[in-house]
Amino acid sequence: MTHKLQFALGSAVLALLVTGAVSYRSIVECSESNLWVHHTEQVLEKLQDLLAAMQTSESNTRGYLLTGDESFLELYRAGIATTGKNLTMLRNLTTDNAGQQRRLDALSTLASQQFQLAKQVLRLRQENGLEAATEVMQKESGNQIMDGFQTLVGQMRDEELRLLVLREGDAERRLTQAKTVLTLGTILGLLITGVVGWSLLRDNAQGKDSGAKYRGLLEAAPDAMVVVNQGGEIVLLNVQAEKQFGYRRDELVGQRVKNIIPEGFAERLIADGTRTAAEALAQQIGTGIELSGRRKDGSDFPIEIMLSPLESAEGTLVTAAVRNISVRKAAEKHLAQMEGRYRGLLEAAPDAMVVVNQGGEIVLLNVQAEKQFGYRRDELVGQRVNNIIPEGFAERLIADALRSVEDALAQQIGTGIELSGRRKDGSAFPIEIMLSPLESAEGILVTAAVRDITTRKKAEANLLNKVEELNRSNEELGQFAYIASHDLQEPLRMVASYTQLLARRYKGKLDSDADEFIAFAVDGASRMQRLIHDLLAYSHVGTKGKDLLDTSSEEALQHALINLRGAIEEKGAIVTHDPLPSVLADETQLIQLFQNLVGNAIKYQKSGIPRVHISAAKNGGKKWVFSVKDNGLGIESQYLERIFGMFQRLHKRDEFAGTGIGLAICKKIVERHGGSISVESQPGHGSTFRFALAKSEKE
Amino acid sequence: MPIEVLLVEDSPGDVRLTREAFRDANMSIHLHVASDGVEAMAFLRHEGAHADAPRPDIILLDLNLPKMDGREVLAHIKEDNSLKTIPTVILTTSAAEADVVKSYQLQANCYLTKPVQLDAFEGLVKSINDFWLSKVKLPQQRQKT
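Residues numbered from 1 in each chain as written. Chains lettered and ligands numbered in written order. Predicted model: local features only at pLDDT ≥ 70, side-chain atom pairs only at ≥ 80, totals over all residues.

A. Structural detail: the overall build of chain A. Looking only at helices and strands, chain A features 20 helices and 17 strands. Counting over 699 residues, chain A shows a buried share of 26%. When contacts within chain A are restricted to residue pairs at least 6 apart in sequence, long-range pairs at least 24 apart make up 61% of them. (Helix = DSSP H or I, 4+ residues; strand = E, 2+ residues; numbered from the N terminus. Buried ≥ 20, exposed ≤ 12 C-beta atoms within 10 Å, placed from the backbone. Contact = placed C-beta atoms within 7 Å.)

If you want it as C-alpha cells, here you go:
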C-alpha cells in the first residue's frame, strides 16, 4: 500500500515538474519572441522617423534656397539633429544585426554627404546668392544622395519586416508548444491521480487494509494492542497501550518493540534456519504467552500476550493483545502459598491423593500417589489423569449438554467410585476414588482420594467364590439327597416287598419267633420307606419348586383336605375355616403345607374329636398371616423351636408314627415363599401354627 | 390260547415280583424276560438264541437298563413297522416328568410307575392284566409290510 502510494506521488510530482519546466521555458521563449517583435516595430518606426528627418532637412534646405527665409534654416537644423538622434537609436537597436549595422554605416555616410552639400549650398546662397547655390546644387548630385538614402532605408525596413514575420511566427509556435505541454502534463497528472485513486479504492473494497478502520478496532479493544512488523518495529498501537506502558504514541511508533517488551516477543516473530517467519508466528497464534512488559519509567510488570497475524501491503504484521496480569499473578502466588499449605494436608492423608483440574490434568499429588502409581511427581504433574486412571474419572468431570461442570462433579462427590488404576509399568489395579471439590483461582479443582482396593477386591472375589461354592455344594447336596433317596428306594422296595410276601405266605407256618422277626423286618422297611418318601419331599421343596403365582389358598386347603380324607374320617375330625384369600404361592407346596399342618393337628390327639380351624388375617399391606389352630396335645414350650428341625420328634414311635420331617418341610416351604412359620401352644389345650404369605398381586 | 408277555427288566427281584403278581392274576400268561435292551431287541427280531421266540402280545419295558436303555428300545420298536403295533407299557421306578414326556413322545402306549408297597404293586399288575390283556382288543396277526 505505502509503496504504491509513494510511487504514485513520485510520478505525479515528476509529471508536474516536467510540465512546469517545459511551460516556463515556452513562456519565456514566447515573451522573448514578443520582445523581438516589439523591437522590430521600434526599428521600423525609427527608420520612418530617420527618413522623415532627412526629408525635412533636405526640403527646408530647398525652402531657404528659394526664399532665403531664415525660419527654414531652423527646421533644417532640427532635421539634422533628429537624423543624428535616430541614427544613434537605430544603431543601438540593431547591434545584434550586422547587415543593418552596415546599412546604417552607409546611411550615416550618405547623411554626412547630404549635410556637407547642404552646408556648402547654404553658404553659397548666403555669400553668392541663389543662382550660384542652385548651380552647385544641380552640379552636385544632391538628389542622388537622397535617392540612395531612401533606398537604404527601404532595404532596412524590408529586413526588419522580414524579421518581424519570422519573430511573430516564432512566438506563436512557442505559445502553441506551451499550450500542448500544459495540456499533456495536466492530462498525465490527472491520469496518475485517477490510477492511484482507483487503486486505493480497490484496496479498500478488498478490505485488505483500512488504516482508519483498523485503528478504530484497535481503540475499541479492551486490551492494550500493539501492531508490530516483521522487523520488530511498532507500527500501530492504541490508547490502552499508551496507558499501559506510559508512553505517548509518537514515542513508540517506529520504535523497536523490545523497548516495551524486552524479551520473548520479537524473538517469536523471527524466522530461523528451521522455520519461516509465518511458521514462527503460526506457532504462537492464539496461545497466551506470559512475558514481562516494561514501562517508560523502567518498571516491569507481568503481561500475557496473544498474537494474531495481520496481512498488509508491508507483509504480515503481528497484532499483539497485551494484558496486564499483575492481579492474576498475585492471585497465583497466593494460590501457590495456599497450595503449599494444601500440599501439607495432602501429604498427611493416608490415601493416595490426586488433584485434577477441569481439563483433566493433574495439578497436585502426594507421596502415596507416587508410590501407588509408580511415577515420580514431576512425571505426573501437568499430565492427563487418564494416564493413571484410564477410564471413568476424567469423564465424570466434564460438562455436557445436560449438566454443568459443577453439576457433573456434584453428582460424584462423596460417593466411592470403583475404577481401574494404571501404574507406570502398565499394570492395572483396582481402585476406589472419592471426589471432593476444591475452589481455586483456576476454577473448581477436584481432589480425588485414590485407594488401592486390590485386597478388598480379592476378598470380595474370594467371598463371591465361597458363596458360589456354597451354592454349588448346597445344590449338589440337594441333588445328592434326591438321588440317594431315589436310589435307596429301589433295594428298599425289594426288602419291603419280599418281607411282606414272606409275611403273607408264611405267617403262622413257621414258629412264633419267625413271625416276630418278619414283623420287625416289615415294620423297619415300611418306616424307612416313609422316611425316604419324606426326605424326597423335603428335597423337592428346593429342587422341584415352581414359580410363585396367584393362588387361591382356599382351594389349596380343599385339595389338602381331600388328600387327608382318610385320616379325617378315621378320627371324625372337624375341620373348619374362614374365607381364605389369594396369595402368591407354589400351589403344590401350599397344598403340602396345609396337608402337613392339618394332618399333624388331627394326628396328635389323645382322645375326643379333633377340631381344626384355619383362618387368615392381614398383616400390614403386603402379607396374609394364616393360622391353623387345633385342640390337640399341645407342645411343651421348650420344644417350640426344635419341632421345625429335621428328624425332631416329641413322641415315642408306638404313640405316634412319623419321620420328624413334616414340619421341617413346612418351614422350608414357608421360607421359600419369603415368610416364616411359628407356633404358639398351651400343652393340653392345643397349638396354633402361624405362617405368613405374600398377598396376591391382583389384590 | 396263552398270552405272550415280554418283560424287559434287569432286576431279578422285580422279575420275580412281577411273575408272582401275574400268577395270582392270570394263569394263562407266558412271561418272557429280557434283562437288557439288546436282548429285548434280539427277542423281538428272533435273532440268535431267540429264533423261535413268539411275537409278544404286550411289552412291559423298564427305562433304566444295561447296554441299551428302555428309551432306545422303545424308539426301535416304534420305528419298526412289524413291531410298532405291539402295545408297549413303560413300567419303571422313575416318576420324572422328563421320562414321562419322552416316553409318550416315543409313542409308549402307557406309562406306569412301580408302587413301593407290595399290595399296590400287585394291584397294578392286576390292572395291567384286566385292561391290556382282557379288555383291550389287540391285533391277532403279525403286520408285515
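B. Summary view of the nonpolar core. The biggest cluster of nonpolar side chains holds 42 residues, and the ones touching the most others in it are Phe 594, Leu 597, Val 598, Val 612, Val 628, Ile 665 and Leu 693 of chain A. With near-sequence residues (within four places) excluded, Leu 693 of chain A lies in contact with Val 583, Leu 584, Ala 585, Lys 623, Trp 624, Phe 626, His 673 and Gly 675 of chain A. (Core = buried A, V, L, I, M, F, W, Y, C linked by C-beta atoms within 7 Å.)

C. Region of interest: helix H1 (residues 12–25) of chain B. With 14 residues, H1 of chain B should cover 20 Å at 1.5 Å per step; its first-to-last C-alpha distance of 20 Å lies within 8% of that length. Among all positions of H1 of chain B, only Asp 14, Leu 17, Thr 18, Ala 21 and Phe 22 of chain B are buried. The arc enclosing the buried residues of H1 of chain B, seen along the axis, measures out at 130 degrees, which places them on a common side. Facing away from the buried side of H1 of chain B, by more than 90 degrees, are the exposed residues Pro 12, Arg 23 and Asp 24 of chain B. Taken together, the buried residues of H1 of chain B touch helix H15 (454–506) of chain A together with strand S1 (3–8), strand S2 (29–34) and helix H5 (118–135) of chain B. (Expected span 1.5 Å × (residues − 1). Arc of directions from axis to C-beta.)

D. The sheet that holds S2 of chain B, seen in detail. All names here are of chain B. Here five strands make up an open sheet; going across it, the order is S2-S1-S3-S4-S5 and the pairing parallel. Across the chains shown, the open sheet's two edge strands, defined by having one partner strand only, are S2 and strand S5 (110–113). Pairs of neighbouring strands in the sheet enclose a mean axial angle of 20 degrees, with direction left out of account. Direction of pairing for strand S4 (residues 88–92) relative to S5: parallel, over a ladder of four bridges. Looking at S5, one finds that Leu 91 is bridged to Leu 112. (Pairing = 2+ DSSP bridges. Axes fitted to C-alpha atoms, helices over the stretch in contact; angles between N-to-C directions.)

E. Just the sheet that holds strand S12 (residues 574–577) of chain A, in detail. Residue and element names in this part refer to chain A. The five strands lie next to each other as S12-S14-S15-S17-S16, forming an open sheet whose pairing is mixed. The strands lining the two open edges of the sheet, one partner per strand, are S12 and strand S16 (677–682). Neighbour-to-neighbour, the strand axes of this sheet turn through a mean angle of 20 degrees, independent of strand direction. Sheet topology note: the strand S15 (residues 623–630)/strand S17 (residues 686–694) ladder contains seven bridges and is antiparallel. Directly across from Lys 629, in S17, lies its bridge partner Thr 688.

F. Representation of unusual backbone geometry. All names here are of chain B. Phi is positive for Lys 67, close to 65 degrees, though the residue is something other than glycine. Looking at the element boundaries, Lys 67 is found in the loop between strand S3 (58–61) and helix H3 (70–79). With a phi angle near 70 degrees, Gln 107 is a residue other than glycine that sits in the positive phi range. Secondary-structure assignment places Gln 107 in the loop between helix H4 (97–105) and S5.

G. Expanded view of the pairing of strand S1 (residues 224–228) of chain A. Residue and element names in this part refer to chain A. Taking burial as the measure, the five residues of S1 include five buried ones, the bulk of the element. The two faces of S1 match: Ala 224, Val 226 and Val 228 on one face and Met 225 and Val 227 on the other face are all buried. Of the strand pairs in this sheet, S1 and strand S5 (residues 315–324) are connected by five bridges, and their pairing is antiparallel. Bridge pairing links Met 225 to Ala 321 in S5. Here S1 pairs with strand S2 (residues 234–237) via three bridges, running antiparallel. Residue pairing across strands places Val 226 opposite Leu 237, the latter belonging to S2.

H. Structural detail: the environment of Phe 626 of chain A. All names here are of chain A. Tracing the chain through its elements places Phe 626 in strand S15. Assessed through the 28 C-beta atoms surrounding it within 10 Å, Phe 626 is described here as buried. Remark: the alpha-carbon pair of Phe 626 and Leu 693, spanning 67 residues in sequence, is separated by 7.8 Å. Beyond its immediate chain neighbours, meaning those up to four positions away, Phe 626 contacts Ile 614, Ala 616, Arg 690, Phe 691 and Leu 693.

I. Looking closely at H5 of chain B. Helix length check: H5 of chain B, at 18 residues, gives a terminal C-alpha distance of 24 Å against a target of 26 Å (1.5 Å per residue), a fit within 8%. On the buried face of H5 of chain B, the contacting elements are H15 of chain A together with H1 and S4 of chain B.

J. Quick look at the packing of helix H17 (residues 553–563) of chain A against helix H19 (residues 587–603) of chain A. All names here are of chain A. The contact between H17 and H19 brings their axes to 8 Å, and the two run at 55 degrees. It follows from the interaxial angle that H17 and H19 lie oblique. The two elements H17 and H19 meet at a crossing, and its hand is right-handed. Only Glu 587, Leu 590, Ile 591, Phe 594, Gln 595 and Val 598 of H19 make contact with H17, whose side of the interface consists of Ser 553, Ala 556, Leu 557, His 559, Ala 560, Leu 561 and Asn 563. Class assignment of the residues belonging to the contact of H17 with H19 gives a composition of eight nonpolar, four polar and one charged. (Parallel < 35°, antiparallel > 145°, perpendicular 65-115°, else oblique. Left-handed = near helix turned anticlockwise from the far one by under 90°. Nonpolar A, V, L, I, M, F, W, Y, C, P; charged D, E, K, R; others polar.)

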